[in-house]
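# Breakdown of the fold
The lines below spell out each chain.
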Amino acid sequence: MTSYRTDPQPLEKSRSGIAGLDEITNGGLPKGRPTLICGSAGCGKTLFAMEFLVKGAVNYGEPGVFMAFEETAEELTKNVRSLGFHLDELAEQNKLIVDYVYIERSEIEETGEYDLDGLFIRLGHAIDSIGAKRVVLDTLETLFSGLSNQAILRAELRRLFRWLKDKGVTAIITAERGAGMLTRHGLEEYVSDCVILLDHRVNEQIATRRLRIVKYRGSSHGSNEYPFLIDEGGVDVLPITSIGLNHTASHERISSGLERLDAMLGGKGFYRGSSVLVSGTAGTGKSSLAATFVDAAGKRGEKAIYFAFEESPSQIVRNMRSIGIDLEPHLQKGLLQFRPARPTLQGLEAHLATMYKVVRDLKPHVVVVDPITNLMAVGTPEELKSMLMRLVDFLKANQITALFISLTHGATVIEQTDVGISSLIDTWLLLRDTELSGERNRVLYLLKSRGMAHSNQVREFLITDRGIDLVDVYTGPEGVLTGSARLAQEARERAATVLREQEIQRKERELERKRQAVEAQIAALRSGLAAEEEELQLALIQARHREAQLARDREAMARGRKADSDS
């Protein structure tokens, strides 16, 4: 059977240089083909197209031509200078041409033979003069504003796109969005090889810019909506849904900053690149624990980013200094950077895009988000969970250890977060207050820690002027005691221990006295026995002497009587 399948030939593409766009387009825009960027006013079409040209000229050695029909070259140069684009310098280097074409509708005479030959000649000359590889036309509505004959307009649109293809340039054409259609004329999207829709929407007074690739002939691409930012660095697209679960899991361990907490975590601390959740009610010490973690990273010489949604950086530094944690040296060395913002500053997707950009630019080892629950002010719990899921995946893919702080309320179940992201977390620390004997004390639980043996013990969480300390709680017949109750119980136990030690010492002294008395008796008996043995030996010696003397006397008497016959 004959197979008609052959090895796929990838479409040749031109890298845009726009952060994130090349990823979701799988390599860039179609090379030598026109791309349509459409959207309503203020969504960023012109800046998008300009960055495409500038990055091509600077990063990829591809000169470009920007033909504007609305703004003059001087206006464009001033407008994009705030993004760090110096068009006049690129023009002097023959890397870029900005050409403003004045079009006045009242001056256009519409006839059956109306065409764009004049535009083609002008654009062709600009392309040939610098060997341009990229072209931008901004915008179609102005170019065709004087045409009311739809037949002529459609014919000229097709002719324009065909001319750009024949020139072999990678082109971007901008167009205004129409009512119920992608464009005003409803034809541009059909003759374009790639269509990118930009959107600037406002939901509950929160503005968010989004991008969607509507079509891309001959290439696969991301089809979701992607948030993007426009700031002093240009356009930044966040390919949020392209992050998957194929990141590498590190075996390296890093300290939490607390020796006893590290001991609870198998003696080595958190895994590098893991996600840590610290949850608890207000005032339980969550931010203090986060500051301890950041301080430990700084002492290791690692970079950290602290996303603060509740307190200003100076307030955090001041508060932490009161408990013996000085973050100022890390700030001065550039190892710690705060990124404070009110949650209502922008939408969830924009917050996510901002975090993505900051992390990508600064390349930290540690990230703290304090607190994630404040972001619920600009989104539902489901939207926030989706946003945090993508953030966790992004940080794990970059081997960045993340610590998230979650504020829970008194009525909330302690083993549950208001955001509902506990399933995304590798290590979950729970701080809570316990009330006993008229006082409230803090305790710490280690609810889970994936991939390591960890303690199931409760520790009292003490915040002192020398930092955080974890101490053992008292557990016994009276339950778990903390604070003054624990101290009182410990005092009672110390007193009982002293009494037991004194009793043991008394018994040891009594035993020693008995031992000495017995040993004295034994010594006396041994002395008496030795005397008796001495007397007995003397008696035996005397008896032997007497026996010997008697024997000598008998022998002498016998010799005196001459009793022997042989005498």
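See the structure above.
Anyway, here's the lowdown on the structure attached to this text. This structure is a prediction, so every number in the text was calculated from the model and none was measured. Within each chain, residues carry numbers counting from 1 in the order of the written sequence. The model is predicted, so local features are restricted to residues of pLDDT at least 70 and side-chain atom pairs to those at 80 or more, both for listing and for counting; the totals for chains, interfaces and linings are taken over all residues. As a rule here, side-chain values come from all non-hydrogen atoms in the structure, and water together with hydrogens is ignored.

## Looking at the overall build of the protein chain
Across its full length, the protein chain holds 15 helices and 24 strands. Using a 1.4 Å probe on the protein chains alone, a residue whose accessible area is under 20% of its type maximum counts as buried, one over 50% counts as exposed, and one in between counts as partly exposed. Per-residue burial for the protein chain yields a buried fraction of 47% across its 567 residues. Expressed as a percentage of contacts within the protein chain between residues at least 6 apart in sequence, the contacts between residues at least 24 apart total 69%. Where accessible areas are quoted, they stem from the Shrake-Rupley method and a 1.4 Å probe; at the residue level, only the protein chains shown are allowed to cover. Of the roughly 29,100 Å² of accessible surface on the protein chain, 49% is carried by carbon and sulfur atoms. Think of it this way: any DSSP run of H or I at least four residues long counts as a helix, any run of E at least two long counts as a strand, and we number them from the N terminus. By definition in these notes, contact holds between two residues if any of their heavy atoms fall within 4.5 Å.

## Let's talk about the pattern of salt bridges
The rule for a salt bridge is simple: a side-chain nitrogen of Lys or Arg has to be within 4 Å of a carboxyl oxygen of Asp or Glu. Under the criterion given, the structure shown has 34 salt bridges. Through salt bridges that share partners, Arg33, Lys165, Asp193 and Arg217 make up one connected network.

## A short note on the sheet that holds strand 4 (residues 64-68)
Judged by pairing direction, the sheet is mixed, and its nine strands sit side by side in the order 5-4-6-7-3-8-9-10-11 without closing on themselves. Looking at the sheet topology across the chains shown, the edges are occupied by strand 5 (96-100) and strand 11 (234-237). Taken pair by pair, the neighbouring strands of this sheet meet at an average axis angle of 20°, ignoring direction. Most of the contacts of helix 2 (residues 45-59) go to strand 6 (residues 134-138), to which it runs at about 165°, and overall it touches strand 3 (34-39), strand 4, strand 5, strand 6, strand 7 (170-176), strand 8 (194-203), strand 9 (206-216), strand 10 (225-231) and strand 11. The pairing criterion is simple: DSSP has to find at least two bridges between the two strands. Whenever a helix is involved, its axis is fitted only over the stretch in contact; in every case the axis is a line through C-alpha atoms, and angles between N-to-C directions fall within 0 to 180 degrees.

## Side note on the pairing of strand 9
Of the strand pairs in this sheet, strand 8 and strand 9 are connected by 10 bridges, and their pairing is antiparallel. Looking at the pairing, leucine 197 lines up with arginine 212 of strand 9. Here strand 9 runs beside strand 10; their pairing, made up of three bridges, is antiparallel. By the bridge assignment for strand 10, leucine 211 is matched with tyrosine 226.

## Quick word on the packing of aromatic side chains
Only rings of Phe, Tyr and Trp enter the pairing, Trp through its six-membered ring, and a pair is recorded when the two centres are within 6.5 Å. The plane angle decides the type: under 30 degrees is stacked, over 60 is edge-to-face, the rest tilted. Inspection of the entire model under this criterion finds five aromatic pairs. Ring centres of phenylalanine 120 and tryptophan 163 lie 4.9 Å apart, and the angle between their planes is 5°; this geometry places the pair in the stacked category. Here tryptophan 163 lies in helix 7 (residues 150-167) and phenylalanine 120 lies in helix 5 (residues 117-130), a separation of 43 residues in the sequence. An identical accessibility class is assigned to phenylalanine 120 and tryptophan 163; each is buried. Aromatic side chains phenylalanine 270 and phenylalanine 293 sit 5.7 Å apart centroid to centroid with 85° between the ring planes, which places their arrangement in the edge-to-face category. Residue phenylalanine 270 is found in strand 13 (residues 270-271), and its partner phenylalanine 293 is found in helix 10 (residues 286-299); the two are separated by 23 residues along the sequence. Exposure class is identical for phenylalanine 270 and phenylalanine 293. Each is buried. By definition, being over a ring means that NZ of Lys or CZ of Arg is both within 6 Å of the ring centre and within 35 degrees of the ring normal. Directly above the aromatic system of tyrosine 216 lies the positively charged group of lysine 13, at a separation of 4.8 Å from the ring centroid.

## Regarding the sheet that holds strand 20 (residues 439-449)
Reading across from one edge, 16-15-17-18-14-19-20-21-22 is the order of the nine strands in this open sheet, with mixed pairing throughout. Here the strands that pair on one side only, and so sit at the sheet edges, are strand 16 (336-340) and strand 22 (467-472). Adjacent strand axes in the sheet meet at a mean angle of 25° when their direction is disregarded. The pairing of strand 15 (residues 304-308) with strand 16 spans five bridges and is classified as parallel.

## As for a negative patch on the surface
Surface patches are defined over residues having more than 30% relative accessible area and no salt bridge, joining like charges when they lie within 9 Å and nonpolar side chains (Val, Leu, Ile, Met, Phe, Trp, Tyr) when within 5 Å. His is not counted here, nor are the chain ends, while Lys and Arg score as positive and Asp and Glu score as negative. Charge placement uses NZ in Lys and CZ in Arg. For Asp and Glu, CG and CD serve respectively. The grouping of Glu532, Glu533, Glu534 and Glu535 at the surface amounts to a negative patch. Tracing the backbone shows glutamate 534 in helix 15 (residues 483-560). Its relative accessible area of 59% is what places glutamate 534 among the exposed residues.

## Describing the pairing of strand 8
Within a regular strand, side chains alternate between the sheet's two faces. Bridge count between strand 3 and strand 8: five bridges; the pairing is parallel. Note that in strand 8 the partner of threonine 35 across the bridge is cysteine 194. Where strand 8 folds back on strand 9, the antiparallel hairpin that results is connected by two residues, among which glutamate 204 adopts a positive phi of roughly 55°.

## Quick notes on the side chain of threonine 170
Along the chain, the position of threonine 170 falls in strand 7. Polar contacts, as used here, are pairs of N or O atoms within 3.5 Å; protein pairs need one atom able to donate a hydrogen and one able to accept it. Residues neighboring in sequence count only if both atoms are side-chain atoms. Of note is the side chain of threonine 170, whose polar atom sits 3.2 Å from the side chain of serine 14. From its side chain, threonine 170 meets the backbone nitrogen of glycine 32 in a polar contact 3.0 Å long.

## A look at helix 3 (residues 73-81)
What helix 3 keeps buried is the set Ala73, Leu76, Thr77 and Val80. Projected down its long axis, helix 3 carries its buried residues within an arc of 100°, all on one side. Relative to its buried face, helix 3 has exposed residues pointing more than 90 degrees away, namely Glu74 and Lys78. At its buried positions, helix 3 is contacted by helix 2, strand 4, helix 4 (87-92) and strand 5. To obtain the arc, one takes the directions from the helix axis to the C-beta atoms.

## Section: the nonpolar core
One recurring pattern in soluble globular proteins: nonpolar side chains tend to sit buried together. In terms of nonpolar packing, the biggest core is built from 38 residues, with Leu261, Leu289, Tyr306, Leu327, Leu403 and Leu444 touching the most fellow members. Of all the elements, helix 10 adds the most residues to this core, at six residues. Among buried residues, the Ala, Val, Leu, Ile, Met, Phe, Trp, Tyr and Cys ones that are joined through side-chain atoms within 4.5 Å form a nonpolar core.

## Quick notes on the state of the cysteines
Among covalent bonds in proteins, the disulfide is the one between the sulfur atoms of two cysteines. By definition, disulfides here are pairs of cysteine sulfur atoms that lie within 2.5 Å. Taken as a whole, this structure holds zero disulfides when the rule is applied. Cysteine 38 supplies the cysteine sulfur nearest to cysteine 43, a cysteine that is in no disulfide, at a spacing of 8.3 Å. Taking relative accessible area as the criterion, cysteine 43 reaches 0% and is therefore assigned buried.

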